[in-house]
Every structure is written in C-alpha cells, then in structure tokens.
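Here are the chains, one letter per residue:
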Amino acid sequence: MNTRRLVAGLLSAALMATLMSGCGGTAEQTAAPTQQGEEPRPNEITVAIAQDLDDSLDPHKTVAAGTKEIMFNVFEGLVKPTPDGNLVPAVAESYELSEDGTVYTFTLRDGVKFHNGATVTAEDVVYSFDRCADITGGSSLVEALSVVTDVTAVDEKTVAITIAAPDNEFFASLTLAILPKGYEDQDTAPVGTGPFRYVSRAAQDNIVLERFDDYWGEPAKVEKVTLKVIENADSLVMSLQSGAVDLCAKLTSTQVAQLGDEFYVAEGTMNLVQALYLNHAVAPFDDLKVRQALCYAIDKQQAIDIACDGYGTPLGSSMYPGFGKYFLPELTNYYPHDVEKAKALLAEAGYPEGFDMTITAPSNYSYHVDVAQVLVEQLKAVGINAKIELVEWATWLSDVYSGRQFQATVVGLDASTMTARALLSRFESTAKRNFINYNSETYDALYAQAQATIDDAEQTELYKALERELTENAANVYIQDTANLVAVRKGLEGVVFYPIYVLDLSNVGWTE
Amino acid sequence: MKYAAKRVATLLVTMIIVSLLAFLAFDLISGDPAQMMLGTEATEEGLAALRAELGLDRPLPIRYLDWLTGFFRGDLGMSYHYHEPVWTLIAPKVRVTLWLSLLAFLLITVVSIPLGLLTAGRGEGRLAGLHTAFNQLCMAVPAFFIGILLTWAFGVTLKWFTAGAFPDMTQDFAGSMKYLFFAALALSIPRIAMTARMLRSTVAGEMEKDYVRTAISRGNDRRGVLFRHVLKNALPPVIAFLAQTMAELIASSIVVEQVFGIPGLGRFLVACISNRDYQVVQAIVVILAFWVVLAGTLADLIQQRIDPRLRLGGAS
C-alpha cells in the first residue's frame, strides 16, 4: 500500500510542476491586457502574410508577387501608381516629352531622401536604370525597359531618358525603383525612398518596417509595421482572434466567417484573371467547338457562389475591371451557361459522348483548387469526365508553365505593370510566356498593330479588339477576378485597393 | 575509446549518406530552383543565366562534392531565396526547435514514468478500464489537432498566451518559454500516453516473473521489489523508446510549429522544400540526421549503465 502512496506522491509532484508552469503564465498574462487598456495604444500594427518574403529584396531582382506587394511601401520610382489606376510623379516632380515622343526629361523633386540619409540626385536615377540593364532574369518590368537607349544626367536635378521608338505604355515602367548609387546590399538590406524603411527580416517568421521620417510626401500614419508570416489557415484566424494580428489581406470566405466582431472586412479584388487555361497544342483543346462547349458548360457565377461564397467578379476575357478603360463588361456573359448548346457543340466536334481530361491545379492556392472542384462537377453535366491533379507550385511552374505539359489548369494571372500589354502580350503566338500555346493570326496581327500605335484612344480600341478576339475564339474558360477580403481590426482605417497587386500601408492608421 | 571512435564514425557516415540521399531526391522530383525563383516572369535566357549563377548547370556529382567539401570546411553555402548564409538563417530556428523538443521531452519523462508506475500496480478495476480508454484517446488524437485545441483554449479564449505572437527568444526568453510550453504540451500528450502504457505493460510483465514472486515471498514489500529489482529490468525498453521519441519529436514539431506559429526548424524546412531552396534543406536534413543518431547513442549509453550485459556486448 505504501507503494501506491509513494507513486501517487511522485505523480502529483509532476502534475504540480506542470500546472505551476501553466499558472505562472496566467498571472503574467492577465496583467498584460489591463496595462494595455490604461496606456495609450502603441502606434504600430501587425499584419499577417501567408507567404514569407523569401526572395531577393532588391526591387530590380524581386520576382515574387508577395514580395513586391509589401516592398511597394519601401521603394518608389520616378512615378508611382495611385489607387484609381493613374501614375503620379514621385521621385520626379515633373516631366516633359519631346515632340517626337522618344525623349522623357524628368525634373527631380527637391529634398527627396533615401532611407540612408542621402539625397536623391540625377546620378542615382542614371545608376538605377543602368543597373537594370545588367540584371539577368529580372522581372518583366526590367524587361520592359529594354527599349531604353540612353539615360543621361543633364544636371544635378534633371534626367533625360531616350527610348528607341515612341511608346504609350513606356511611362508605366518608370515605376522602376530608384536606388542609391553604389549601395551594394539591396538583396538583404534594401534602401529606397518610400514612406517606410526596411528594418529587419527573420526568415519564415517576420519582417519589420518603420516609418521613414524624412519622407518627402504625406508621412505614414503608423510608426512601425510588423509583418508576421502565418501560413496555416487555422492559426491565421486564431492569431487575429487572439489579438496578435491587426490586419490580414487575401482571406478566404470561410476564414472571414470565423472572425468575430472585433474585425470588419474590406473587400477589393485580387486583380488577377482566374480561368481554366487550356493548352491549345493538345487535342481536343485545339478545336474551337470544344473550347466553346467548355465555355457554355461552365456556370461561373455558380462556381463563385460555391467556391468563394459569392465573393468575386465574373470575367469573360483576359482583363479585369480594375483596368477601367480597357475593360469590356459585355464580354462577361458572352457564353451564358447552356448545357444543351455545350452538348451540341461537343457532338459537332466529334465528341458526342464527351471525353476525359485532367485539370492541373496548384495545391497551395485554395481558391484555385476549390474552383477547379466545382468545374469538375459542372463538366460532368455535359459528359466531360475531368479529374483534378494537384501539384506543388514548384511543379506547376516547371511542368505546366515552362514545360507546357498539361491539358488544362486553373490559375490566376496578374499584371506586373498598369498596362493592358502586361495582361495581353502573353497570347501573342511567339511570346515566351504564352504557356497555353495560343496561336491566332488575327490576334498576332492586332497585337502588332496595337504596339505600333501611338495614339492612346486608338490603342485602347485595339486592346479591346484583342480581348474580344480571346473571348470569341474561346481562348480560355474565364471565371473571375478573385475577391480580396481584408480583415481589419476595428479602430484601424485607411485600407485602399489598387488595380495592381500591392498592399499600401502608408494610409493605414488607428482612428483614436 | 574504441567504442567512442566507432560511434563518431557511424555518425559521420550516416550524415553523409543522408545528405547524399537528400541531394538525389531533389534531383528526382520535379521543380527547378531557378524556375521557382523567377516564377511566371521567367524567360529561357533568364533561367539559363540564373542556373549558371547558382551553379546548377554543373553535373550532379560535382555539385554534391562541392557541397560536401564546403560542409567539412564549415561552409553551408548561401540560401538561393534569401541571399543569406544558410547558417545565419537556421541558427535561430535550431535554437527554438531545440528548446521546444527539450521541453516536450521533459514533460514526457516527468509525467509518463510516474504515471506508468502508478497504473502498473493496478489490476483490472473499473478505473483501469477508464484509464485505458483515456490512454487510447490520447494516443489516437494527432498532435496538430491537440495543438489547435490548446491554441484555441489557452491562446484565444483564456489568453494565457497570445496565439500567433511568439516573442523573440533573445529578447524575452521567459515569454518564449511560456509560449513553447503549450506547444510542447501538444507535442507530448500522445507520447506521454504511449510511454506510460509501455512502462505499465513491461512492469506488469516483470511483476509476474519468478524472481519477483521469490523476492516477495522472502518478505520484501512490493515497493521495495519494484524499485530495487523490477525497474532495472523494465526500464531499458522504455529508454530505447524515449530515445526514439526524442528523434521523432522533431518530425512532429513541424506540424505543431505551424499550428502555433513558432519560427522553428520544421516549419522552415517545409517552406524551403516547396521553394526548392536546396542549400537550406541540405543543411537542415544533416542537422536532423545528427540529432537522430545522437539520440540513439545516448540511449545506448544509458542502457549500458543500467545493464552491464549490454556493456560487454558493446565492447566486443
């Protein structure tokens, strides 16, 4: 009987130890919230991001959309985009375009400082452009600058940029970040001119930005932003609920439903074209009738309702509403949901019984996978037996995107600059990014014409014609521009949406 | 001495084999680091240039030898994605995961051994049935689910810790330990159940043996027999199991780190694998191999101290 008592003693000691460490926690923690209640709230916010900025932080080398999205707050170009889709002078104060449309002369703004304290000079601008020419494998923004033939510092405050031929859309690529001349550590300790300066990064953990006090424009509202990497969907919601995170963009409708009343939701769009992209080099997708049948078979509104709880904007071509003047709303319902018509088209194409197909979807993007699942069900109704193949993003990039080894895939494609060209250039038959092997002579001819046109109105019409061509030719089964649901802690204001993929933190601030 | 040398040699060979396997595995699976870095912006020229820059255009054996010589010189290379030395990136994560595993291991030993002994003496009562059922439940529920429950209960509802706000270990050590405690709890609960059950059955088995009956019939009390004789025989398999646990804790910590938002080695490993950041993966894999072999060696040494027969076997 003694044994039992001894063992019981041991056990309770162990339990006590466990409980005490737990209790220690209670005492400390309950004290913390009351303290917070009395003291003024520190002027900083924590923002959760699902993907780490695991990229070069050098803006000329950054490729990952998620990295550009955040570093938008750290860097600026001669011009910068606004929420309504315009470009306004940033590091530059004004510019003049020569008569023949090939020389842009920029006058730099007075007193623009880099985060390291140096003042921006014309030399820095020349350096930034020259540097880009040397970077291999950089972003398409860098590639767009290949038309630049010369960049010269006219004087301390003036820079002349010469391009080979007049180009309407060239201006959009002048968002290229201006960097201090001779600074070598942009990869890991970036220095720019934006409203926030970069402080630190802990891999797969957090990134810290602080307000740049010498910023030339409207200063940022909060003093410090901590970006916390939380990739697990459940943990993300719990981190919002626990108070650890104040703001998080790109939530799913399911996550939003769990938030509780400490948050409100700001709804924008992700600015991407989500579609069932079809490989035109593979049968039966080389047949127009089959592609049209797929378009009629799909009910995009239903897909949005089921997969995204109704959040999302249906699309009918490779253009989203954020690009105001290029967007053609009438294309959205060009192919209304019509099962009978789809069946008839399939029969005409020689597939009266339907066929089997594989839809590849990147497993890390739940909103693509969920939509793919709805599509599979909708295709069943017309006799097409589709199955989903989930792949890692790395595999998607190498097999589907580079290797072009696929039948159909659900993904979203975005625009790297605020130009129609960024969305439409990939369907030109020889384009390197033409992973769907789109091959239309009409399209190529129209595209060449659009590139050669200097008149803005005329060019806009040509781009619209390109969009119409994609729709009429059923290039892809267009679904939606996915909704961007942002959870914002009550008391926090100033979340604005841009027509490109950026998260502007400079306007975000506490109301009291 | 001879034994120690043998052990070190085993350790080295294991690490080299593991690193080679990791290298080969990456060559087999699809996905190219250069492609992953350039994403949808990639062009053929860009990819080729980047591959050359990273040295990926060289044949596999050369790349491996290059990595191996770097490793022996203490140079783990640079991360493709972060453009920082691998060791700078993983050192803080090794620290976090090491503490998490140690805490979990401590919890397991401190709770499971007394628990196992306490229940071992019991017969087939109603309480024993209840205990077994509870034990089964604890073993069956995966650590990540326990993790979600604990985070929700203590991190969101009770606010004993703030879910998602893991403090910097170098600045707030006590705070980070408190945070890690809950993650360690999630990690250890299934393991506590397993270890306790194992100890219980080995002790029960021993208690039925002749020497125990003899000892008791000679007038020794149960407690004395249990601690003086039975435990010595019942512990070695449990210690072997605990060593294995120590090795496996690292694997389960991957999920728990994700659920609790702890910046540890496991979570980082997963991210680097999907990014195809080979240099980092290679280093982490070797560290894990080192850890597993070390746990095994420690277990052997402890067992030999308890059981001299094994000591002889080891020396021969």
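These numbers come from a predicted model, not from an experiment. (Residues numbered from 1 in each chain as written. Chains lettered and ligands numbered in written order. Predicted model: local features only at pLDDT ≥ 70, side-chain atom pairs only at ≥ 80, totals over all residues.)

**Concerning unusual backbone geometry**
The omega angle of the peptide bond from Ala283(A) to Pro284(A) is 0°, so this bond is cis rather than trans. Looking at where Pro284(A) falls in the secondary structure, it is placed in the loop between β13 (272–278) and α7 (288–297). In this model, Ala474(A) sits at a positive phi of 45°, which is unusual for a non-glycine residue. Structurally, Ala474(A) can be placed in the loop between α14 (456–472) and β18 (476–481). One non-glycine residue with positive phi stands out, namely His83(B), at about 55°. Note on placement: His83(B) falls in the loop between α4 (60–72) and α5 (86–120). Overall, the presence of 16 C-beta atoms within 10 Å leaves His83(B) in the partly exposed class. (Helix = DSSP H or I, 4+ residues; strand = E, 2+ residues; numbered from the N terminus. Buried ≥ 20, exposed ≤ 12 C-beta atoms within 10 Å, placed from the backbone.)

**Describing the interface of chain B and chain A**
Taken residue by residue, the interface counts 58 residues in chain B and 55 residues in chain A. Looking at the side of chain B that touches chain A element by element, the count peaks at eight residues for α5(B). Of the residues assigned to the side of chain B that touches chain A, the class counts are 29 nonpolar, 18 polar and 11 charged. (Contact = placed C-beta atoms within 7 Å. Nonpolar A, V, L, I, M, F, W, Y, C, P; charged D, E, K, R; others polar.)

**Quick look at the sheet that holds strand β12 (residues 263–269) of chain A**
All names here are of chain A. The strand order β8-β9-β10-β1-β11-β19-β12 describes an open sheet built from seven strands, whose pairing is mixed. The open sheet has two edge strands with one neighbour each: β8 (196–202) and β12. Averaged over all adjacent pairs, the angle separating strand axes in this sheet is 20°, with direction ignored. (Pairing = 2+ DSSP bridges. Axes fitted to C-alpha atoms, helices over the stretch in contact; angles between N-to-C directions.)

**A word on the sheet that holds strand β14 (residues 313–314) of chain A**
All names here are of chain A. With mixed pairing, the six strands of this open sheet are ordered in space as β14-β18-β13-β17-β15-β16. Only two strands of the sheet have a single neighbouring strand rather than two, namely β14 and β16 (385–391). Bridge count for strand β15 (residues 356–362) against β16 is seven bridges, and the pairing is parallel. Directly across from Thr358, in β16, lies its bridge partner Lys387. Helix α8 (residues 300–308) contacts β14 and β18 of the sheet and is inclined by roughly 45° relative to β18.

**Considering the packing of α7(A) against helix α9 (residues 339–348) of chain A**
All names here are of chain A. Where α7 meets α9, the axes come as close as 8 Å, and the angle between the chain directions of the two elements is 165°. It follows that α7 is roughly antiparallel to α9 by the angle criterion. Our pair here, α7 against α9, has a crossing hand that is left-handed. Of the residues in α9, those touching α7 at Lys289, Val290, Gln292, Ala293, Tyr296 and Ala297 are Val339, Lys341, Ala342, Leu345, Leu346 and Glu348. In terms of residue class, the contact of α7 with α9 is built from eight nonpolar, one polar and three charged. (Parallel < 35°, antiparallel > 145°, perpendicular 65-115°, else oblique. Left-handed = near helix turned anticlockwise from the far one by under 90°.)

**A short note on the domain arrangement of chain A**
Residue and element names in this part refer to chain A. The domain boundaries assigned to chain A delineate domain 1 (2–25 + 54–184) and domain 2 (272–481). For domain 1 and domain 2, the distance between their C-alpha centroids amounts to 31 Å. Each partner contributes residues to the interface: domain 1 has 14 residues there, and domain 2 has 12 residues. In terms of residue count, the dominant contributor to the side of domain 1 that touches domain 2 is helix α4 (residues 140–144) (three residues). A per-class count over the side of domain 1 that touches domain 2 returns six nonpolar, seven polar and one charged. (Domains from an automatic or database assignment.)

**Here's the deal with α7(A)**
Residue and element names in this part refer to chain A. Where burial is concerned, most of α7 is hidden: eight out of the 10 residues are buried. Taken together, the buried positions of α7 are Val290, Arg291, Gln292, Ala293, Leu294, Cys295, Tyr296 and Ala297. Summarising the contacts, the buried residues of α7 are in contact with β13, α9, α10 (366–380) and β18.

**Examining the domain arrangement of chain B**
All names here are of chain B. By the assigned domains, chain B splits into domain 1 (2–73) and domain 2 (86–315). A C-alpha centroid distance of 32 Å is found between domain 1 and domain 2. With 16 residues of domain 1 in contact, the opposing surface of domain 2 contributes 14 residues. Secondary structure elements with two or more residues in the side of domain 1 that touches domain 2: α1 (2–28) and α2 (33–38). Here the side of domain 1 that touches domain 2 takes 11 residues from α1, the largest share from any one element. Across the side of domain 1 that touches domain 2, the residue classes break down as 10 nonpolar, four polar and two charged.

**Describing the confidence of the model for chain A**
In the predicted model, chain A carries a mean pLDDT of 88, and the fraction of residues at 70 or more is 90%. Across residues 1–37 of chain A the pLDDT falls below 50, and counting only partners more than four positions away or on other chains, this stretch makes 30 contacts in the model. (pLDDT = per-residue confidence, 0-100.)

**Some thoughts on α9(A)**
Residues and elements named next belong to chain A. If you check which residues of α9 are buried, you get Ala342, Lys343, Leu345 and Leu346. Projected down its long axis, α9 carries its buried residues within an arc of 165°, all on one side. Where α9 is buried, its residues contact α7. Phi for Gly350, located one or two positions after α9, is positive at around 95°. (Arc of directions from axis to C-beta.)

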